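# Observations on the model geometry
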Amino acid sequence: MMKKFAANWGGRRPSTCYKDSKKRRHGFQPRKSLELVLRWRLKMNLIHKISSRGLIAYAHDIVMSGVAFWLALYLRLGDTMPSYVNDRTIQAGVLFTLTCAVVFWFSGLYRGVWRYASINDLLAITRTVTAAVFLFLLVMFLWTRLAPLPRSLLPITWFVLM
């Protein structure tokens, strides 16, 4: 009897649960539930809890990302940097800092402050810094086609941030 039953239903038993039959009758849509889960997940990423130590680390990383941009520019240009800086370069520096702030926030690095770093933490930092630099590259390319910046600035900035 059991073999005959398994052969007819493809190895599965038919659902006799009232909830399942109700879902089928009323047109249960799995996309709607997936959409709700994704909205909830996005909301949780926006307002995840960060300790006061995590906020201090986050503020430090934002300041250091701005410093890294200008240090990378100095490493690239040397003593000719003051003559190279104009309004677009200053705007690019501010944009880089804001881009890093957004990417660092959504990366989730600051949920727990750790005493010792592991390989997984190093990989997470590498992914976050790479995403920040590539997002800045995309925004700057769409905004100015990277005209006010040297092309080697972004790899240097990546190494300085790491």
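As a starting point, this report considers the structure included with it. (Residues numbered from 1 in each chain as written. Predicted model: local features only at pLDDT ≥ 70, side-chain atom pairs only at ≥ 80, totals over all residues. Heavy atoms only, no water.)

## Some thoughts on the overall build of the protein
Of regular secondary structure, the protein possesses eight helices and zero strands. Ordered by position from N to C terminus, the α and β elements of the protein give α-α-α-α-α-α-α-α. In the protein, buried positions account for 25% of the 162 residues. Total accessible area on the protein is roughly 12,100 Å²; 65% of this is exposed by carbon and sulfur atoms. (Helix = DSSP H or I, 4+ residues; strand = E, 2+ residues; numbered from the N terminus. Buried < 20%, exposed > 50% of the residue type's maximum accessible area, 1.4 Å probe, protein only. Areas by Shrake-Rupley, 256 points an atom, 1.4 Å probe, with all protein chains shown as cover.)

## Some points on helix α8 (residues 153–161)
Within the sequence span of α8, burial applies to L153, L154, T157 and L161. Taken down its axis, α8 places every buried residue within 90 degrees of arc, on the same side. Its buried side turned inward, α8 meets α4 (52–77), α6 (87–107) and α7 (119–144). (Arc of directions from axis to C-beta. Contact = heavy atoms within 4.5 Å.)

## A few points about the layout of surface pockets
Volume-wise, the largest pocket comes out at about 410 Å³. Around the largest pocket, the lining is made up of 18 residues, and of these A57, H60, D61, Y110 and I125 lie nearest the centre. The element contributing the most residues to the lining of the largest pocket is α4, with seven residues. Of the residues assigned to the lining of the largest pocket, the class counts are 13 nonpolar, four polar and one charged. (1 Å grid on protein atoms, 1.4 Å probe; cavity = no way out; pocket = protein on both sides within 12 Å on 5 of 7 lines; lining within 4 Å. Points joined across faces, edges and corners; volume = space filled by probe spheres on them. Nonpolar A, V, L, I, M, F, W, Y, C, P; charged D, E, K, R; others polar.)

## Observations concerning the nonpolar core
Nonpolar side chains in soluble globular proteins tend to be buried together. Of all hydrophobic cores here, the largest spans 25 residues; its most connected members are F69, F96, F136 and L149. Sorting the residues of this core by element identifies α4, α6, α7 and α8 as the ones contributing at least two each. (Core = buried A, V, L, I, M, F, W, Y, C linked by side-chain atoms within 4.5 Å.)

## Some remarks on the packing of aromatic side chains
Summed over all chains, the structure comprises seven aromatic pairs. A ring pair is formed by Y58 and Y110, whose centres lie 5.3 Å apart and whose planes are at 70 degrees; its orientation type is edge-to-face. A residue pair is termed long-range when its members are at least 10 positions apart, and Y58 in helix α4 and Y110 in the loop between α6 and α7 qualify at 52 residues. Note on Y58: relative accessible area 15%, which makes it buried. With a centroid separation of 5.1 Å and 85 degrees between ring planes, the pair formed by W158 and F159 is classed as edge-to-face. Judged by its relative accessible area of 22%, W158 is partly exposed. (Phe/Tyr/Trp six-rings, centres within 6.5 Å; stacked < 30°, edge-to-face > 60°.)

## Focus: α7
Taking 1.5 Å of rise per residue, the 26 residues of α7 would be expected to cover 38 Å, and the 37 Å separating its terminal C-alpha atoms lies within 8% of that figure. At its buried positions, α7 is contacted by α4, α6 and α8. Just beyond α7, the residue with positive phi is R145, at close to 55 degrees. (Expected span 1.5 Å × (residues − 1).)

## Some words on the side chain of T97
Its location among the elements puts T97 in helix α6. Discounting residues that sit within four places of it in the chain, T97 has contacts with I62, S65 and G66.

## Remarks on unusual backbone geometry
Even without being a glycine, R145 presents a positive backbone phi close to 55 degrees. In this fold, R145 is placed in the loop between α7 and α8. Residue classification places R145 among the exposed residues on the basis of a relative accessible area of 57%. One non-glycine residue, L146, adopts positive backbone phi at about 60 degrees. Note on placement: L146 falls in the loop between α7 and α8. Since its relative accessible area comes to 12%, L146 is described here as buried.

Taken by themselves, the reported measurements are silent on function.
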